[in-house]
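Okay, here's what each chain looks like letter by letter:
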Amino acid sequence: MKIRTALGLTASLVASLSATVVFSQSLADIETAAKAEGMLTTIALPHDWCGYGGVIEGFKAKYPEIKVNELNPDAGSADEVEAIKANKDNKGPQAPDVIDVGLAFGPSAKAEGLTQAHQVATWAEIPDGIKDAEGHWYADYYGVMSFLVNKDLVANVPQDWADLLKPEYAGQVSLAGDPRASNQAILAVLAAGMSTGAAPGEAAGKAGLEYFKALNDAGNFVPVIGKAGTLAQGTTPIVIMWDYNALAARDTLAGNPPVEVVVPKSGVLAGVYVQAISAYAPQPNAAKLWMEYLYSDEGQLGWLKGYCHPARFNAMAAAGKIPQDLLDALPPAAAYEAAYFPTLEEVDANKAAVTGGWDATVGANVE
Amino acid sequence: MTDIPPRHRPKLRLPIAWLGILPFALFALLFLILPTMKIVVGAFQSPAGGFTLQNLIDLNTDSIRSAYWTSIKLSLITALLGCAVGFAMAAAVVFGGLPKRIRGPLLTFSGVASNFAGVPLAFAFIATLGPAGLVTLWLKTEFGINLRAMGFNLLSFWGLVVTYLFFQIPLMILIIIPALDGLKREWREAAAVLGATGAQYWRMVALPILFPSLLGTFALLFANSFGAVATAFALTGPQLNIVPIKLFAQIRGDVLGNPNLGYALAFGMIVITGLANVTYIVLRTRSERWLK
Amino acid sequence: MTRIFAWAALLLGCLYFLLPLVGMTEFSLKMRRGVYSFDAYVKVFEDPTFWATFSYSLTLAAATIVFGVLLVVPTAYWVRLKLPQARPVVEFITLLPLVIPAIVIVFGYIRLYNTSSFLPLTGSAFGTDVLLTMGYATLALPYMYRAVDTGLRTIDVATLTEAAQSLGAGWFTILTRIILPNVLVAVLSGAFLTLAIVIGEFTMAALLNRPAFGPFMQLLGANRAYEPPALAVIAFAITWACMGLIQLVTRFSKHERAKA
């Protein structure tokens, strides 16, 4: 009897403790504190990426007292982590409150002590494998790697990774980021490696580096960061980027030039990004409010509008919260069924291989 | 009040007079001298805070060495070409027997073009000589000339050279035209009287007189090109390996893995541009002797 | 013979300068497929970020000009009048911004004025704006000082000052009602040049993370196809307008002096 009471007491104590960890601040408290802080500093959120433009506008409309200070939209994941490090002592507007980085960058940022824990109200609906148990980082959305092709300048649209090596694509293929800092570019290398048959992880990372070395030696690789603008201007007619970015670019260009979004036949890689709050955030409560907004139905649908699959996609679809027209506009589900979701260890090993080996193996700089 | 000549009361007047430039001194100190000193001192500091030459030694890695070499190459070539073409155009206007009305518009345009560096210049050249640019496509459709097949790529070292010349040549024109004006007609006539041909006049009279100006302007163009970052950044992005872009990336995020190395990088830039500018000033003072 | 070479040199040079301008204008008109239109310009002018960054840069330009005038005119005047021995030092300082690249200067600012320094300017948005304005003033200093100094050289500063003092004017009155009107032309030249510099400036604004026009142009250039050349045309037009205004102002003053 005593043991059972003791156990029961301990259990309820543990439950209430974890409840306080999860819900130490109610949403109303966070809102008040955030409004008192008056500003949120974000970094690396291009407005065309996953519909962030709409998401930020939605946040501003909901909380007009909070100014959103957007830093360097072109920053890669590594740059975001560096920005936190560089501003440890700085509480000014150059220090980011929140970061949105590739899956491999979440645990490494936590290990360096750059993140603080927060579990959003809808925490339970985020799948387990892609969130940190303590709440330091949590998945926000995912997509698959694809090619964006400028049909005006490319006669024969490539369908697979092997096609890109053909001589007809001389000086046309580019990555959408710096492969030493941008998660998008690092995972593009992984996908290329996987298409050659290598096992995901370090092996595919190294194989991907060899692939890009071959691409560069053949003269097909353009060492310029590819975006919608450079695609249309002709500098980078083929860009390897996430399908959601490719679809958003297609919308922006509105047919001038006409583009095609191609998910390659082999080496279909799904990439997950994670959110985190900086441990040195000058406005921590605004950061928490931002997270609550992102993981609310409104925020998740905002990302869906940008062609991304938000973290709560499965739960929301099951609950019927997603409008049919948004579902229809998404890339076909078949591509996602064939897609491979790399584990945390695999993206970690790949990141180490690519960032460390790019300069030595490929060494493609603008000459 | 009869005014007493200052030299009878130097001790009283001097401090007050110097007070007048105190605001300027304060501004220069806070926003010019101290930041530069911070960089220079930082280049010789180790993370622990003591004096060290290690940062400068660390500059001797492959990628940094090649960045400096590419920057120097780029600056030398754009300065040389800028001088040559600028001189040709300036000489054409001053001595070529062209209508006098061309001079004014050329000078005004040079003023505009020398300030049109940076992001918009990159856009202009991409729209003209880029892979889908006006001239590129025109050459392809009208003459079947494929610039890329001929080896020209705007997003390369030589593409950057072509772009940089847009503000280097006008700078040369602006500076050399007053120097060319200083070449008195009497000297030409005197040389002709003594039997010199045009070429001999240029070789033995005009160019030696102009030489300090030319060399000095060359140094100025060199420094101008070495420090430029906006145009290159907008044209090729952060993957061009020149020193300003490397420094830009280092400031934004510690890509080199060593904050003090950034100081050393900047210090190297100051030394190089400083030397070039000192050369320019020294040579300008020498040339002014002749051209008064 | 020389004339043929001269014309050839001039025309080739003009071709090199005109082609990029034509290229960017032509590209900016190609937004609507197949037909020339001003769609890109409409898009640019409809973008609220364009107006936000442009007005931000204009405001900073105005602040830089005001600060520059308030700093340079009294200093140049004082040096000319009372401290000729300080002249070489002051001139050397005004030439320093030409020697030290802007990127190095702003690197120094970021390291020196962060929140743990004696002057924590980067600790707030307003402080960073002030820092950026000071940076712009530093960049424009050589041109502003040279313009004002040249202007002061043409008027007899000592006599004017003595005359004003004998009429009982204090320093402030002398500067504002005697000196400034006489160097207005030079000041305006410096002001327009400062405007051209500030509007297009990229390095300092990007590294200090302020929403200025330069970084906005660079960002648009990466993400859009036809708006960047439109922005380049607008930027070029502004630079040309500034230079043209300088010419106009100097020619206007020459006429005035001729009358006197």
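Residues numbered from 1 in each chain as written. Chains lettered and ligands numbered in written order. Predicted model: local features only at pLDDT ≥ 70, side-chain atom pairs only at ≥ 80, totals over all residues. Heavy atoms only, no water.

Asks: If you had to explain the interface of chain A and chain B to someone new, which residues and values would you point to?
Replies: Listed per partner, the contact involves 16 residues of chain A and 15 residues of chain B. Counting each side, the surface lost to burial between chain A and chain B is near 1500 Å², with a carbon and sulfur contribution of 56%. Counting the contacts that link chain A with chain B gives zero salt bridges. For the pair chain A and chain B, the interface holds zero residue pairs in polar contact (both at pLDDT 80 or more). For the side of chain A that touches chain B, the residue count by class is six nonpolar, six polar and four charged. (Contact = heavy atoms within 4.5 Å. Buried area = accessible area lost by both parts, 1.4 Å probe. Salt bridge = Lys/Arg side-chain N within 4 Å of Asp/Glu carboxyl O. Polar contact = N/O pair within 3.5 Å; in protein donor to acceptor, adjacent residues only side chain to side chain. Nonpolar A, V, L, I, M, F, W, Y, C, P; charged D, E, K, R; others polar.)

Asks: Residue-level account of the packing of helix H4 (residues 62–95) of chain B against helix H10 (residues 198–227) of chain B, with values.
Replies: Residue and element names in this part refer to chain B. Packing of H4 against H10 brings their axes to within 8 Å, and their N-to-C directions diverge by 135 degrees. Classed by the angle they form, the pair H4 and H10 counts as oblique. Handedness of the crossing formed by H4 with H10: right-handed. For the contact of H4 with H10, the class distribution of residues is 16 nonpolar, six polar and no charged. (Axes fitted to C-alpha atoms, helices over the stretch in contact; angles between N-to-C directions. Helix = DSSP H or I, 4+ residues; strand = E, 2+ residues; numbered from the N terminus. Parallel < 35°, antiparallel > 145°, perpendicular 65-115°, else oblique. Left-handed = near helix turned anticlockwise from the far one by under 90°.)

Asks: Tell me about the state of the cysteines, residues and numbers included.
Replies: Note: disulfide means a covalent bond formed between the sulfur atoms of two cysteine side chains. All chains considered together, the criterion is met by one disulfide over all chains. Linked covalently through their sulfurs, A:Cys50 and A:Cys308 form a disulfide whose S-S length is 1.7 Å. Its S-S torsion of approximately -85 degrees makes the covalent link between A:Cys50 and A:Cys308 left-handed. Of this pair, A:Cys50 sits in the loop between strand E1 (39–43) and helix H3 (52–62) while A:Cys308 sits in the loop between helix H11 (297–305) and strand E10 (309–310), and the two are 258 residues apart along the sequence. Judged on exposure class, the residue A:Cys50 and its partner A:Cys308 are both buried. With no disulfide partner, B:Cys83 has as its closest neighbouring cysteine sulfur the one in C:Cys14, 19 Å distant. Residue B:Cys83 is classed as buried on the basis of its relative accessible area of 10%. Classification of C:Cys14 as partly exposed rests on a relative accessible area of 29%. (Disulfide = S-S within 2.5 Å. Buried < 20%, exposed > 50% of the residue type's maximum accessible area, 1.4 Å probe, protein only.)

Asks: Summarise the nonpolar core; cite the residues concerned and give the values.
Replies: One finds B:Phe31, B:Leu247, C:Met24, C:Val104 and C:Leu152 to be the most contacted residues of the largest nonpolar core, which totals 205 residues. Among the elements that line this core, the one with the most residues is helix H8 (residues 157–181) of chain B, at 15 residues. Not counting chain neighbours up to four residues away, the residues in contact with B:Phe31 comprise C:Ile105, C:Tyr109, C:Tyr113, C:Leu121, C:Leu131, C:Met134 and C:Thr138. (Core = buried A, V, L, I, M, F, W, Y, C linked by side-chain atoms within 4.5 Å.)

Asks: Give a description of the interface of chain C and chain B that names residues and reports values.
Replies: Counting residues at the interface gives 73 residues for chain C and 69 residues for chain B. Where chain C abuts chain B, roughly 6300 Å² becomes buried across the two surfaces, and 83% of that area is made up of carbon and sulfur atoms. The three residues of chain C that bury the most area against chain B are C:Tyr16, C:Phe17 and C:Phe107, which together make up 11% of that side's buried surface. There are seven residue pairs in polar contact (both at pLDDT 80 or more) connecting chain C and chain B. Per element, the largest residue contribution to the side of chain C that touches chain B is 18 residues, and it comes from helix H1 (residues 2–28) of chain C.

Asks: Which residues make up the packing of helix H6 (residues 183–195) of chain A against helix H15 (residues 344–362) of chain A, and what values go with them?
Replies: All names here are of chain A. One can describe the packing of H6 onto H15 by two numbers: an axis separation of 10 Å at closest approach and a directional angle of 100 degrees. If you check the angle between H6 and H15, you find them roughly perpendicular. Of H15, the residues touching H6 (which contributes Ile186, Leu187, Val189 and Leu190) are Val347, Asn350, Lys351, Val354, Thr355 and Trp358. Along the lines of polarity and charge, the residues of the contact of H6 with H15 split into seven nonpolar, two polar and one charged.

Asks: Summarise helix H9 (residues 184–200) of chain C; cite the residues concerned and give the values.
Replies: An ideal rise of 1.5 Å per residue puts 24 Å on 17 residues; H9(C) measures up with 25 Å between its terminal C-alpha atoms. For H9(C), the buried fraction is high: 13 of the 17 residues fall into the buried class. (Expected span 1.5 Å × (residues − 1).)

Asks: Run through the environment of C:Val198, naming residues and quoting values.
Replies: Relative to the helices and strands, C:Val198 resides in helix H9. As a C-alpha pair, C:Val198 and C:Thr64 span 134 residues in sequence and 8.4 Å in three-dimensional space.

Asks: Before we move on, can you summarise the side chain of A:Thr42 with the specific residues and values?
Replies: Residue and element names in this part refer to chain A. Topologically, Thr42 is positioned in strand E1. What makes Thr42 buried here is its relative accessible area of 1%. In contact with Thr42, not counting residues within four places along its chain, are Val68, Asn69, Glu70, Leu71 and Val98.

Asks: Describe the environment of B:Thr217, naming the residues involved and giving the relevant values.
Replies: Residue and element names in this part refer to chain B. Here Thr217 shows up in helix H10. In this structure Thr217 touches Cys83, Met172, Ile175, Ile176 and Tyr280, once residues within four positions along its chain are discounted. One polar contact links the side chain of Thr217 to the main-chain carbonyl oxygen of Ser213, over a distance of 2.6 Å.

Asks: Break down the pattern of salt bridges for me, with residues and values.
Replies: According to the stated counting rule, one finds 28 salt bridges over all chains in the structure shown. Linking A:Arg312 and A:Asp297 is a salt bridge whose minimum nitrogen-to-oxygen distance equals 2.8 Å. Placement of the pair is A:Arg312 in the loop between E10 and helix H12 (313–318) and A:Asp297 in helix H11, with a sequence separation of 15 residues. Assessed through its relative accessible area of 29%, A:Asp297 is described here as partly exposed. A salt bridge links C:Asp149 to C:Arg80; its shortest N-O distance comes to 3.5 Å. Highlighted residues: C:Asp149 in helix H6 (residues 125–153) and C:Arg80 in helix H3 (residues 48–81), separated in sequence by 69 residues.

Asks: Hey, could you go over the side chain of A:Asp100 for me, with residue numbers and the actual values?
Replies: Residues and elements named next belong to chain A. Examined against the element boundaries, Asp100 turns out to sit in strand E3 (residues 98–102). Lacking a salt bridge, the buried Asp100 has Lys227 as its closest oppositely charged neighbour, with an N-O distance of 14 Å. Within the structure, Asp100 has its side chain in polar contact with the side chain of Tyr52 (distance 2.7 Å). A polar contact is formed between the side chain of Asp100 and the side chain of Tyr141, at a distance of 2.6 Å. Once residues within four sequence positions are removed from consideration, Asp100 is found in contact with Leu45, Tyr52, Glu80, Asp140, Tyr141, Tyr273, Val274 and Gln275. (Lys, Arg positive; Asp, Glu negative; His and termini not counted.)

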